[in-house]
Number of protein chains: 2
Amino acid sequence: MATKKYLLSENDIPTAWYNIVADMVNKPLPPLHPGTKQPLNPSDLEPIFATELIKQELSQERWIEIPEEVRDLYKIWRPTPLVRATGLEKALDTPAHIYFKNEGISPVGSHKLNSALPQAYYNKKQGIKKLTTETGAGQWGAALAFACSVFGLELEVYMVKVSYNQKPYRRSMMQTWGADVYASPSDRTESGRKILARDPDNSGSLGIAISEAVEKSVFDPEIRYTLGSVLNHVILHQTVIGLEAEKQMEMAGEFPDVVIGCFGGGSNFSGISFPFLRHKLVAGKEIRIVAAEPASCPKLSRGKFEYDFGDTVGLTPLLPMYTLGHDFQPADIHAGGLRYHGAGTIVSQLHKDHFVDVEDIPQIESFEAGQLFAKTEGTIPAPESTHAIASAIRAAKKAKEEGKQKTILFNLSGHGLIDMSAYDQYLSGNMKNYQLSDEDIAKTVNVLEHLVP
Amino acid sequence: MATKKYLLSENDIPTAWYNIVADMVNKPLPPLHPGTKQPLNPSDLEPIFATELIKQELSQERWIEIPEEVRDLYKIWRPTPLVRATGLEKALDTPAHIYFKNEGISPVGSHKLNSALPQAYYNKKQGIKKLTTETGAGQWGAALAFACSVFGLELEVYMVKVSYNQKPYRRSMMQTWGADVYASPSDRTESGRKILARDPDNSGSLGIAISEAVEKSVFDPEIRYTLGSVLNHVILHQTVIGLEAEKQMEMAGEFPDVVIGCFGGGSNFSGISFPFLRHKLVAGKEIRIVAAEPASCPKLSRGKFEYDFGDTVGLTPLLPMYTLGHDFQPADIHAGGLRYHGAGTIVSQLHKDHFVDVEDIPQIESFEAGQLFAKTEGTIPAPESTHAIASAIRAAKKAKEEGKQKTILFNLSGHGLIDMSAYDQYLSGNMKNYQLSDEDIAKTVNVLEHLVP
């Protein structure tokens, strides 16, 4: 009888996160202060982030120990299973072996909890009383809400107004875990009030929500801000995914030819792929790493490598990244978590140095892949995760054409049970692909100041 | 570092289901033909159910082998973890050890898949082309939709109209897996058309949906009907839960003092508890088995042991069971899966013989328990499962009062991510408890014909 899942014991939960910066040929360029445009001083970040997280953000240490308290909480759902997708393989009639790491079994339904728990932990340890954050579709906000509940921290979530109204289930989840959730723009911050004064019907954006959440932290020493992707320390925490998967692929007696993650800001993508990429960086091992981004938000394939802001308003430090420009307005695709204009600093440098490939997935192809996966493997994937599945299916079809037995690994970053309205639209035949012209992209990219040396 | 989860390997998935009938002191009374009121002939059921499932329904064999194909599919998510609820224990400050079996990690979000897969398998093997079923909240319909997708069977689901409109997410799930879902009453059946002619705005009931689904199977030899609870063969399939839990409690070095399941028709309750109850039946081992039913639908505690119909209309065989009467209209509580007038035949006999205790949980207490569980253990439980959690919390508080270290095990039958509107209502403070007077109950129970010998 064929083995389907590769399971680890709790003792196999990694004891340290992997920091790929230590092994990078070209280290990432430093973030710049938005005012002086000079490299940022770590102390500039102190009012916003917990000290330990700033240290991790700038660290070049290869391994960073996971605190025992965090590891204990990881046990709630980790290690997650590595699954051989035999049903999908059969449906594709491919010689390829397809594996996926199932991060959807976390109590919040996605990988986001891997970073929410340590972020809450370090803040708690520092004596912080309250966290703030922004959330779009709500995956990150939900994860942080549970993490704050565990550590007895208060939490204010600024949720993009249009999502607040359209995704009531994820708002309810955050509230069930005890968070205060506000539709952004709100009247609770100067940033929000300014925007509402100008435009009372403003439906919000991730950029505005970031501004509100950051503002709340800056003016109160007992409050800190947290972010769920893009930044180095977030990516660091997510490497538990790939470190476990590495052991599990060994159990399966295989090493992947290709490792795939869907790509928004980079957290789940980096989490699954960096521990495998390490073997290429350190030992020259042959492996293809694929970031599966939505065709409607193609920062890695069609963006430029420039210094740009992390938010729309322009309050954050300038980060060196592949970007479509902080003014870029992504189409209203269902994969809310992938609607971000820039790629994290580390991934951007790795892509520039040809260590990371990219594939652009049109929305309809992603949902075709998602439904096929649901019908063969059971789990209905999150709209974000369907991009990774679509890329895996491309690789499996290519293996069939070439008659080669390739080993494919992708990350199932979350399930889609809160996103069923997206599947409704797909099944109704009314789903759109969004094609971007070069002019669309040039409008927001070409106006960026050229600060890369 | 404390162990949190007890994990089994795929080899530990049981090879046989446990049939408690073999060990019962008093065997269940036979089902009666609704026309003749004489014991049913197995062949009477042939037009409705697959032959192998009828055999299982009437079997007195202790162990019934799980087909290799079904066991292979169980591997998609089984074995499920047994979890020590350390967060909940801490919050309750109790000396009790609380364990739960997490059936919510199944791809459909509940235990229902344990029976959906074998039911689809046996029908496929018999050459059946299409299945029909009814569903209320949609947990069973969703599980069967995935099972039919795997075996290439068509599926028609009759979903209670009010749920069809109020729970679009679960309808979408079924459709994503490929099922045809109809709001019941529909114009596709004689039963449906009759009701609509009389009452075009009829919002449906489980009883009507059963009539429609059964009718579709009776008149076509390539179609069979399936049910997700109550019947002996469904309960049989669910014993994989308790059989795994038995091994996992051994790993934890404990034997439960009390085993708890929420109670609707009896499938998850029997699944977790029968393998433990066996030790009492066979070896006299001390153990308390608790069915946690909603106070608004108290069939075990306040119903009568009589022969009654499984459906509201009165088309099914007469089953000997604790019932509130097939006309009983349960209050509109959020735990849709517990809104059923009768208890399965086997559980009814065991309750009559004092092997099964019952606790009635008011709706608000169940959601208080559900939120506390979410905040301490992460998973937001299904409204049904919150009843089991509430009962476990009662037991843990009692242990604290008595200063005794009790071992408590309950089944987390599913997660509640599709039911967040219920949590919304709870958090808003507008949730109701439903108190039933003796007169409310007497109205539908006292009119039943007395056929129990």
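The structure we're discussing is the one just above.
Residues numbered from 1 in each chain as written. Chains lettered and ligands numbered in written order. Predicted model: local features only at pLDDT ≥ 70, side-chain atom pairs only at ≥ 80, totals over all residues. Heavy atoms only, no water.

*Asks:* Pulling in residues and values, what's your account of the overall build of chain A?
*Replies:* Regarding its fold elements, chain A presents 17 helices and 15 strands. What you see for chain A is a C-alpha radius of gyration of 21 Å, in line with the 22 Å of a compact globule of 453 residues. Based on the C-alpha atoms only, the size of chain A along its principal axes is roughly 60 × 50 × 50 Å. Considering chain A as a whole, with its 453 residues, one finds that 66% of them fall into the buried category. As displayed, chain A has an accessible area near 15600 Å², and 49% of this comes from carbon and sulfur atoms. Distance between charge centres in chain A, computed from 46 positive and 55 negative side chains, equals 3 Å. (Helix = DSSP H or I, 4+ residues; strand = E, 2+ residues; numbered from the N terminus. Rg over C-alpha atoms; globule rule 2.2 N^0.38 Å. Buried < 20%, exposed > 50% of the residue type's maximum accessible area, 1.4 Å probe, protein only. Areas by Shrake-Rupley, 256 points an atom, 1.4 Å probe, with all protein chains shown as cover. Lys, Arg positive; Asp, Glu negative; His and termini not counted. Charge placed at Lys NZ, Arg CZ, Asp CG, Glu CD.)

*Asks:* Explain the sheet that holds strand S10 (residues 258-262) of chain B residue by residue, including any values.
*Replies:* All names here are of chain B. Ordered by their spatial adjacency, seven strands build an open sheet running S1-S4-S5-S15-S10-S11-S14, and the pairing between neighbours is mixed. The strands lining the two open edges of the sheet, one partner per strand, are strand S1 (5-6) and strand S14 (357-361). Bridge count for S10 against strand S15 (residues 407-412) is three bridges, and the pairing is parallel. Considered in S15, the bridge of Val-259 is made with Leu-409. Against the sheet, helix H11 (residues 267-283) engages strand S5 (97-102), S10, strand S11 (288-294) and S15, with an angle of about 160° to S10. (Pairing = 2+ DSSP bridges. Contact = heavy atoms within 4.5 Å. Axes fitted to C-alpha atoms, helices over the stretch in contact; angles between N-to-C directions.)

*Asks:* So what's going on with the pattern of salt bridges? Residues and values would help.
*Replies:* Counting across every chain of the model gives 50 salt bridges over all chains. One salt bridge connects Arg170(A) with Asp419(A), and the closest N-O pair in it is separated by 3.6 Å. Taken as a pair, Arg170(A) in helix H7 (residues 168-176) and Asp419(A) in the loop between strand S15 (407-412) and helix H16 (420-428) lie far apart in primary sequence, 249 residues in all. Its salt-bridge partner being Asp23(B), residue Arg62(B) comes within 2.5 Å of it at the nearest N-O pair. With Arg62(B) in the loop between helix H1 (51-58) and strand S3 (63-65) and Asp23(B) in the loop between strand S2 (16-18) and H1, this pair connects stretches of sequence that are 39 residues apart. Using a relative accessible area of 35% as the deciding quantity, one classes Arg62(B) as partly exposed. (Salt bridge = Lys/Arg side-chain N within 4 Å of Asp/Glu carboxyl O.)

*Asks:* Pulling in residues and values, what's your account of the packing of helix H10 (residues 232-251) of chain A against helix H11 (residues 267-283) of chain A?
*Replies:* Residue and element names in this part refer to chain A. H11 packs onto H10 with a crossing angle of 55° between their chain directions and a minimal axis gap of 6 Å. As summarised for this structure, H10 and H11 are arranged oblique, according to the angle between their axes. Crossing hand, H10 versus H11: right-handed. Two secondary-structure elements touch here, H10 through Val-234, Ile-235, Gln-238, Thr-239, Ile-241, Gly-242, Leu-243, Ala-245, Glu-246 and Met-249 and H11 through Ser-267, Ser-270, Gly-271, Ile-272, Phe-274, Pro-275, Phe-276, Arg-278 and His-279. Residue composition of the contact of H10 with H11, grouped by class: 10 nonpolar, seven polar and two charged. (Parallel < 35°, antiparallel > 145°, perpendicular 65-115°, else oblique. Left-handed = near helix turned anticlockwise from the far one by under 90°. Nonpolar A, V, L, I, M, F, W, Y, C, P; charged D, E, K, R; others polar.)

*Asks:* Break down the sheet that holds strand S14 (residues 357-361) of chain A for me, citing the residues and quoting the values.
*Replies:* Residue and element names in this part refer to chain A. Taken together, seven strands build an open sheet; the order of strands is S1-S4-S5-S15-S10-S11-S14 and the sheet is mixed. With one partner strand each, in any of the chains shown, strand S1 (5-6) and S14 form the two edges of the open sheet. Pairing between strand S11 (residues 288-294) and S14: five bridges, direction parallel. Its bridge partner lying in S14, Ala-291 is registered against Val-358. Sitting on the sheet, H11 is in contact with strand S5 (97-102), strand S10 (258-262), S11 and S15, with an inclination near 160° to S10.

*Asks:* Pulling in residues and values, what's your account of the interface of chain B and chain A?
*Replies:* Facing 45 residues of chain B, the contacting portion of chain A comprises 45 residues. Carbon and sulfur atoms supply 58% of the area that chain B and chain A bury against each other, a total of about 4000 Å² over both sides. The tally of links between chain B and chain A comes to two salt bridges. We note a salt bridge from Glu10(A) to Lys5(B), for which the minimum N-O separation is 3.4 Å. (Buried area = accessible area lost by both parts, 1.4 Å probe.)

*Asks:* Before we move on, can you summarise the packing of aromatic side chains with the specific residues and values?
*Replies:* Each aromatic ring pair is specified by the distance between its two centres and by the angle formed by the two planes. Residue and element names in this part refer to chain A. Under the counting rule described, the total for this entry stands at 33 aromatic pairs over all chains. A ring pair is formed by Tyr-158 and Tyr-182, whose centres lie 5.9 Å apart and whose planes are at 35°; its orientation type is tilted. Of this pair, Tyr-158 sits in strand S7 (residues 154-160) while Tyr-182 sits in strand S8 (residues 180-184), placing them 24 residues apart in sequence. With relative accessibility at 0%, the residue Tyr-158 sits in the buried group. Its relative accessible area of 23% is what places Tyr-182 among the partly exposed residues. Connected via pairs of aromatic rings, a cluster forms that spans Phe-100, Phe-373 and Phe-410. Across from the ring centre of Tyr-18, 5.7 Å away, lies the NZ or CZ of Arg-278, which sits over that ring. (Phe/Tyr/Trp six-rings, centres within 6.5 Å; stacked < 30°, edge-to-face > 60°. Lys NZ or Arg CZ within 6 Å of the ring centre and 35° of its normal.)

*Asks:* Describe in detail the environment of Leu117(A), supporting the description with residues and values.
*Replies:* Residue and element names in this part refer to chain A. Secondary-structure assignment places Leu-117 in helix H4 (residues 113-125). Through-space distance from the C-alpha of Leu-117 to that of Ser-385 is 22 Å; in sequence the pair is 268 residues apart. Dropping the residues within four chain positions of it, Leu-117 is found in contact with Leu-73, Tyr-74, Trp-77, Ala-147 and Phe-151.

*Asks:* I'd like a rundown of the nonpolar core, residues and numbers included.
*Replies:* Among the nonpolar cores identified, the biggest contains 104 residues, and Trp17(A), Tyr74(A), Trp177(A), Trp17(B), Tyr74(B) and Trp177(B) are the most heavily contacted of them. Non-local contacts of Tyr74(A), meaning those with residues more than four positions away in its chain, are made with Ile13(A), Trp17(A), Ile66(A), Leu113(A), Asn114(A), Leu117(A), Pro118(A), His237(A) and Val240(A). (Core = buried A, V, L, I, M, F, W, Y, C linked by side-chain atoms within 4.5 Å.)

*Asks:* Can you lay out unusual backbone geometry for me, pointing to particular residues and giving the numbers?
*Replies:* Put simply, Arg78(A) and Pro79(A) share a cis peptide bond, and its omega is -5°. Within the secondary structure, Pro79(A) is located in the loop between helix H2 (68-74) and strand S4 (82-84). With an omega of 10°, the peptide bond between Ser184(A) and Pro185(A) qualifies as cis. Relative to the assigned elements, Pro185(A) resides in the loop between S8 and helix H8 (190-198). Phi is positive for Asp93(A), close to 50°, though the residue is something other than glycine. Mapped onto the elements of the fold, Asp93(A) is located in the loop between helix H3 (86-92) and S5. The exposure class of Asp93(A) is exposed, given its relative accessible area of 53%. One non-glycine residue, His354(B), lies in positive phi territory at about 65°. With respect to the element layout, His354(B) can be found in the loop between helix H13 (345-352) and S14. What makes His354(B) exposed here is its relative accessible area of 66%.

*Asks:* Would you mind going over the packing of H1(B) against helix H10 (residues 232-251) of chain B in detail, with residue names and values included?
*Replies:* Residue and element names in this part refer to chain B. Their axes nearest at 7 Å, the elements H1 and H10 cross at an angle of 85°. Relative to H10, the element H1 is oriented roughly perpendicular. Residue-level contacts link Leu-53, Gln-56 and Glu-57 of H1 to Asn-232, His-233, Leu-236 and His-237 of H10. Residue composition of the contact of H1 with H10, by class: two nonpolar, four polar and one charged.

*Asks:* Explain the pairing of S7(A) to me, using residue names and the numbers behind them.
*Replies:* Residues and elements named next belong to chain A. Among the seven residues of S7, six are classified as buried, and the element is accordingly described as predominantly covered. Judged from the six bridges that link them, strand S6 (residues 130-135) and S7 form a sheet pairing that is parallel. Considered in S7, the bridge of Thr-135 is made with Met-159. Regarding the hand of the β-α-β motif, the stretch spanning S6, helix H5 (residues 139-151) and S7 is right-handed. (Right-handed = clockwise from strand over helix to strand, strands pointing away.)

*Asks:* Before we move on, could you go through the relation of the copies chain B and chain A and cite the residues and values that matter?
*Replies:* To go from the first copy of the chain to the second, apply a rotation about an axis and then a shift along the same axis. When chain B is brought onto chain A, the operation consists of a screw motion whose angular component is 180° and whose axial shift is 0.0 Å, with 0.0 Å RMSD remaining. As the rotation angle and translation indicate, the two copies are arranged about a two-fold axis. Ranked by how close their C-alpha atoms come to the rotation axis, the residues of chain B are headed by Ile105(B), at 3.0 Å. Both copies present the same face, since 100% of the interface residues in chain B are matched by interface residues at the equivalent positions in chain A. (Least-squares fit on C-alpha atoms with pLDDT ≥ 70 in both.)

*Asks:* Could you give me a rundown of H10(B), with the residues and numbers involved?
*Replies:* All names here are of chain B. Look at H10: 30 Å from first C-alpha to last across 20 residues, which is about the 28 Å you get at 1.5 Å a residue. The largest bend along H10 measures about 30° and falls at Gln-238. Gly-253 occupies a position one or two residues after H10 and carries a positive phi of about 70°. (Expected span 1.5 Å × (residues − 1). Bend = angle between axes of the 7 residues up to and from the residue.)

*Asks:* Before we move on, could you go through the state of the cysteines and cite the residues and values that matter?
*Replies:* Counted according to the given criterion, the structure contains zero disulfides over all chains. The thiol of Cys297(A) is unpaired, and the distance to the nearest cysteine sulfur, on Cys262(A), comes to 12 Å. (Disulfide = S-S within 2.5 Å.)

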